Amino acid sequence: EAILKAAKAVFAEKGLLTATIDDVAQRAEVAKGTIYLHFKAKEEMFTALMDEGLQLVGKRFSEAVDLTLPADENLRRLCDAYCRLYREEQQYFKLLFFCSHADVRAKTCANPSECQGLPPLAALIQKGIDEGTFSPTVDPAKAAAIAWGASNGIILMFEQELQGSARFNHPIEDLLRTNMELLIRGLKAKNSD
């Protein structure tokens, strides 16, 4: 646990390419050999951290959803949960956006759609269609991909700028919530096609 905590901090600070096992050992205050007892390489630590982070996203999403509520309210709850997760666990987001290598990430998740929050979003959108909250012309998988991409795009913009809120003149939570409201309005619109 201490090694992974140190690795998360080091990778978020230096990036996966630049970080070394020595950096992680120094941050964890353990001998380099101790790390090799648990991990063969830094990529294994990265994979373990990605698994941990994705499990945390899944847990937060599960806790946020209340199936007794309408789908649009649940989407808002997911958005708020994601905002809180971003504020509380920014290092995971830095790892996700800036430290990833395709070959390492491929080992983290065999089916990327299962790893990215898409199934819960798609299921909630389908629930909204079934309950009549959302238009029956909506494709839940496409809408989930758009929602996920837009939300993560907003976070990426903020992560790329040290003064993100100053650049955009709005707190990230406001932009994420506005993004969700625009999605919900689009999902409710009756398509005449």
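Look up a bit, the structure's there.
Residues numbered from 1 in each chain as written. Predicted model: local features only at pLDDT ≥ 70, side-chain atom pairs only at ≥ 80, totals over all residues. Heavy atoms only, no water.

Points about the overall build of the chain
Scanning the chain from terminus to terminus reveals 12 helices and zero strands. If you list the helices and strands of the chain from N to C, you get α-α-α-α-α-α-α-α-α-α-α-α. A total of 193 residues make up the chain; the buried ones form 44% of that total. Counting only contacts in the chain whose residues sit at least 6 apart along the sequence, the fraction spanning at least 24 positions is 65%. A total of about 10500 Å² of accessible surface is found on the chain, and carbon and sulfur atoms cover 53% of it. (Helix = DSSP H or I, 4+ residues; strand = E, 2+ residues; numbered from the N terminus. Buried < 20%, exposed > 50% of the residue type's maximum accessible area, 1.4 Å probe, protein only. Contact = heavy atoms within 4.5 Å. Areas by Shrake-Rupley, 256 points an atom, 1.4 Å probe, with all protein chains shown as cover.)

Considering empty space enclosed by the protein
Per the counting criterion, the structure on display carries one cavity of 30 Å³ or more. Estimates place the volume of the largest cavity at around 100 Å³. Along its surface, the largest cavity is lined by F61, L78, C79, Y82, L121, A147, W148, S151, L176 and M180. Of all the elements in the fold, those that place two or more residues in the lining of the largest cavity are α5 (71–88), α10 (140–160) and α12 (172–188). (1 Å grid on protein atoms, 1.4 Å probe; cavity = no way out; pocket = protein on both sides within 12 Å on 5 of 7 lines; lining within 4 Å. Points joined across faces, edges and corners; volume = space filled by probe spheres on them.)

Observations regarding the nonpolar core
A general trend in soluble globular proteins is that nonpolar side chains are found buried together. Among the nonpolar cores identified, the biggest contains 55 residues, and F11, V24, M45, L75, I125, F134 and L187 are the most heavily contacted of them. Elements with a minimum of two residues in this core: α1 (2–14), α2 (21–28), α4 (42–64), α5, α6 (90–98), α9 (118–131), α10 and α12. Broken down by element, the residue count for this core peaks at nine residues, all from α5. With residues near it in sequence (within four places) discarded, V24 still touches I3, A6, A7, V10, F11, I35 and M45. (Core = buried A, V, L, I, M, F, W, Y, C linked by side-chain atoms within 4.5 Å.)

Considering the packing of aromatic side chains
What the rule picks out here adds up to four aromatic pairs. Ring centres of Y82 and W148 lie 5.1 Å apart, and the angle between their planes is 40°; this geometry places the pair in the tilted category. Placement of Y82 in helix α5 and of W148 in helix α10 is noted, with a sequence separation of 66 residues between them. The exposure classification of Y82 matches that of W148, with both residues buried. Following the ring pairs from residue to residue traces out a cluster consisting of F61, Y82 and W148. (Phe/Tyr/Trp six-rings, centres within 6.5 Å; stacked < 30°, edge-to-face > 60°.)

Things to note about the packing of α1 against α2
Interhelical geometry of α1 versus α2 gives an angle of 125° and a closest axis separation of 8 Å. By the angle between their directions, the pair α1 and α2 is classed as oblique. Considering how the two elements wind past one another, α1 and α2 form a crossing that is right-handed. Across the interface between the two elements, A2, I3, A6, A7, A9, V10, F11, E13 and K14 from α1 touch D23, V24, R27 and A28 from α2. Taken together, the residues of the contact of α1 with α2 break down into nine nonpolar, no polar and four charged. (Axes fitted to C-alpha atoms, helices over the stretch in contact; angles between N-to-C directions. Parallel < 35°, antiparallel > 145°, perpendicular 65-115°, else oblique. Left-handed = near helix turned anticlockwise from the far one by under 90°. Nonpolar A, V, L, I, M, F, W, Y, C, P; charged D, E, K, R; others polar.)

Side note on α1
Compared with an ideal rise of 1.5 Å per residue, which puts 13 residues at 18 Å, α1 spans 18 Å between its outermost C-alpha atoms and is within 8% of the ideal. For α1, the set of buried residues is I3, L4, A6, A7, K8, A9, V10, F11 and A12. (Expected span 1.5 Å × (residues − 1).)

Distances and angles like these do not, on their own, reveal function.
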